[in-house]
Amino acid sequence: MNTIGKRVEPFAPAIVITGATQGIGRALAEEFAREGHALLLVARDEAKLEAASRLLAEAHGVEVKFAACDLGTIEGCAEVEEALRRFGLYADSLVNNAATMTAGFFQDEDAAKLRRLIDLNVQAVVDLTRRFLPGMIARGQGGVLNVASMEGFMPVPYQATYAAAKAFVLSFSRALSYETMGTGVRVSALAPGTTATGLHAKAGAENSRYVMLLPAMTSEDLARVAYRQFKRGKKVIVTGWFNRLCVLAQHFTPHFLLVPMMGWLFRVRDEAGNLQWPKDSNPPKAASGRLPFDAASGD
Ligand SMILES: NC(=O)c1ccc[n+]([C@@H]2O[C@H](COP(=O)([O-])OP(=O)(O)OC[C@H]3O[C@@H](n4cnc5c(N)ncnc54)[C@H](OP(=O)(O)O)[C@@H]3O)[C@@H](O)[C@H]2O)c1
């Protein structure tokens, strides 16, 4: 085939946002679209992706594509790259936001569910970053925004795996932001505190004290600040005075106090406020019939 004179259309830039159908990812998509960026939204539910893409495109007049894939699998991550190619796009920036949470005694957690959590919250973050960061560095622009959590700053009983995965995301992002210095590419970690989304209820943590007692931000307020600070190149983005105070305080709080405090806040409770106990165990009762103080868990 004679290709002389054929115009080769260059690929167009897009922001890849994972977990973009609801909650924080959806709010971040809104911010990027408002600033005129084309988007590739990623999640599993095709109907929700379709609806979110249509609404964002109509509201902001930008191109919005979507890819329905399970990022907890290698095939799902590869599909993101494939979808970009299909749509004639490249990843100008990547927002690794999709994650799941589990809550409760570690010994009672479903092993397959824990594996899926690590595959999504850790493995997919590394996989997608590895796929798209080299291109950004070669172009000398773009960025990666990894959504970590305040839980990444400290050990969290009853959400042990989730918090450890978020510690990974924080550490990974901080290291990459150093490595990419001077390349024109920024790597940031966003560490939200409690945010009003469906995440906690899906994990069965909606009655835990941290949900009931700590101030919660809306996804929209969080995304507005996060977007601005990501554009400015802030390496670790902590939003709200309360969360910033907590990050500062945890530096000066010894772990023998910090961990029980987290245990007290994160222990799963039912609607009536009764504490969850490990399966196959009888809740210890004091002679008075009241539950005794459990120093190890902070309760
Ligand atoms: N909410 C908070 O209080 C809070 C606090 C700190 C940090 N964060 C972090 O913020 C991020 C967003 O949380 P959120 O509260 O907005 O969660 P959310 O409301 O539960 O939304 C999660 C998003 O991820 C997608 N998703 C879940 N599993 C997926 C998979 N296997 N493959 C692809 N997509 C998947 C979901 O869509 P599908 O189900 O259709 O796949 C959905 O779009 C997470 O990284 C979370 O850890 C949240």
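In case you missed it, the structure is sitting above this.
As the structure is a computational prediction, the values presented were derived from the model and not from experiment. (Residues numbered from 1 in each chain as written. Predicted model: local features only at pLDDT ≥ 70, side-chain atom pairs only at ≥ 80, totals over all residues. Heavy atoms only, no water.)

A. Looking closely at the pattern of salt bridges. The tally for this structure, following the rule as stated, stands at 10 salt bridges. When the shortest N-O distance is used, the salt bridge between Glu-30 and Arg-26 registers 2.7 Å. Of this pair, Glu-30 and Arg-26 both sit in helix α1 (residues 23-34), four residues apart, which is roughly one turn of the helix. Residue Arg-26 is classed as buried on the basis of its relative accessible area of 18%. Between Arg-34 and Glu-31 there is a salt bridge; the shortest N-O distance is 2.8 Å. Residue Arg-34 and its partner Glu-31 are both found in helix α1; the two are separated by three residues, about one turn of the helix. Using a relative accessible area of 9% as the deciding quantity, one classes Glu-31 as buried. Sharing partners across several salt bridges, the network here consists of Glu-81, Glu-82, Arg-85, Asp-127 and Arg-131. (Salt bridge = Lys/Arg side-chain N within 4 Å of Asp/Glu carboxyl O. Helix = DSSP H or I, 4+ residues; strand = E, 2+ residues; numbered from the N terminus. Buried < 20%, exposed > 50% of the residue type's maximum accessible area, 1.4 Å probe, protein only.)

B. Region of interest: the packing of helix α3 (residues 74-87) against helix α4 (residues 111-139). Two elements in contact, α3 and α4, have axes whose closest approach is 10 Å; the angle formed by their N-to-C orientations is 30°. Judged on the interaxial angle alone, α4 and α3 are roughly parallel. Seen along the crossing, α3 lies across α4 with a hand that is right-handed. When α3 is examined against α4, the residues Ile-74, Cys-77, Ala-78, Val-80, Glu-81 and Leu-84 are found in contact with a partner set consisting of Ala-124, Asp-127, Leu-128, Arg-131 and Phe-132. (Axes fitted to C-alpha atoms, helices over the stretch in contact; angles between N-to-C directions. Parallel < 35°, antiparallel > 145°, perpendicular 65-115°, else oblique. Left-handed = near helix turned anticlockwise from the far one by under 90°. Contact = heavy atoms within 4.5 Å.)

C. Main features of helix α9 (residues 241-252). If you check α9, its first and last C-alpha atoms are 17 Å apart, about what 12 residues at 1.5 Å a residue would give, namely 16 Å. Residues of α9 that are buried include every one of Asn-243, Val-247 and Gln-250, and no others. One side of α9 carries all its buried residues, which in axial view fall inside an arc of 70°. Counted as exposed and oriented over 90 degrees from the buried face of α9: Trp-241 and Phe-252. (Expected span 1.5 Å × (residues − 1). Arc of directions from axis to C-beta.)

D. Spatial organisation of the packing of α1 against helix α2 (residues 46-60). At their nearest, the axes of α1 and α2 sit 10 Å apart, and the two run at 30° to each other. Considering the angle they form, α1 stands roughly parallel to α2. For the element pair α1 and α2, the recorded crossing hand is right-handed. Here Arg-26, Ala-29, Glu-30, Ala-33 and Arg-34 of α1 come into contact with α2, specifically with Ala-52, Leu-55, Leu-56 and His-60.

E. Representation of the packing of aromatic side chains in the model. Throughout the structure, instances matching the rule amount to six aromatic pairs. With centroids separated by 5.7 Å and ring planes inclined at 20°, the aromatic side chains of Phe-168 and Phe-172 adopt a geometry described as stacked. In this pair, Phe-168 and Phe-172 both sit in helix α5 (residues 160-179), four residues apart, roughly one turn of the helix. Classification of Phe-168 as partly exposed rests on a relative accessible area of 35%. Classification of Phe-172 as buried rests on a relative accessible area of 18%. Aromatic pair Trp-241 and Phe-242: ring centres 5.9 Å apart, planes at 90°, arrangement edge-to-face. Judged by its relative accessible area of 63%, Trp-241 is exposed. Judged by relative accessible area, which is 24%, Phe-242 ranks as partly exposed. Grouping aromatic residues by their ring pairs yields a cluster made of Phe-32, Tyr-227 and Phe-230. When the ring centre of Phe-87 is taken as reference, the NZ or CZ atom of Arg-86 above it lies at 5.6 Å. (Phe/Tyr/Trp six-rings, centres within 6.5 Å; stacked < 30°, edge-to-face > 60°. Lys NZ or Arg CZ within 6 Å of the ring centre and 35° of its normal.)

F. The arrangement of the layout of surface pockets in detail. Roughly 160 Å³ of volume is contained in the second largest pocket. Around the second largest pocket, the lining comprises 13 residues; the ones closest to its centre are Ala-103, Asp-108, Glu-109, Gln-276 and Lys-279. Here the lining of the second largest pocket is composed, by residue class, of five nonpolar, three polar and five charged. (1 Å grid on protein atoms, 1.4 Å probe; cavity = no way out; pocket = protein on both sides within 12 Å on 5 of 7 lines; lining within 4 Å. Points joined across faces, edges and corners; volume = space filled by probe spheres on them. Nonpolar A, V, L, I, M, F, W, Y, C, P; charged D, E, K, R; others polar.)

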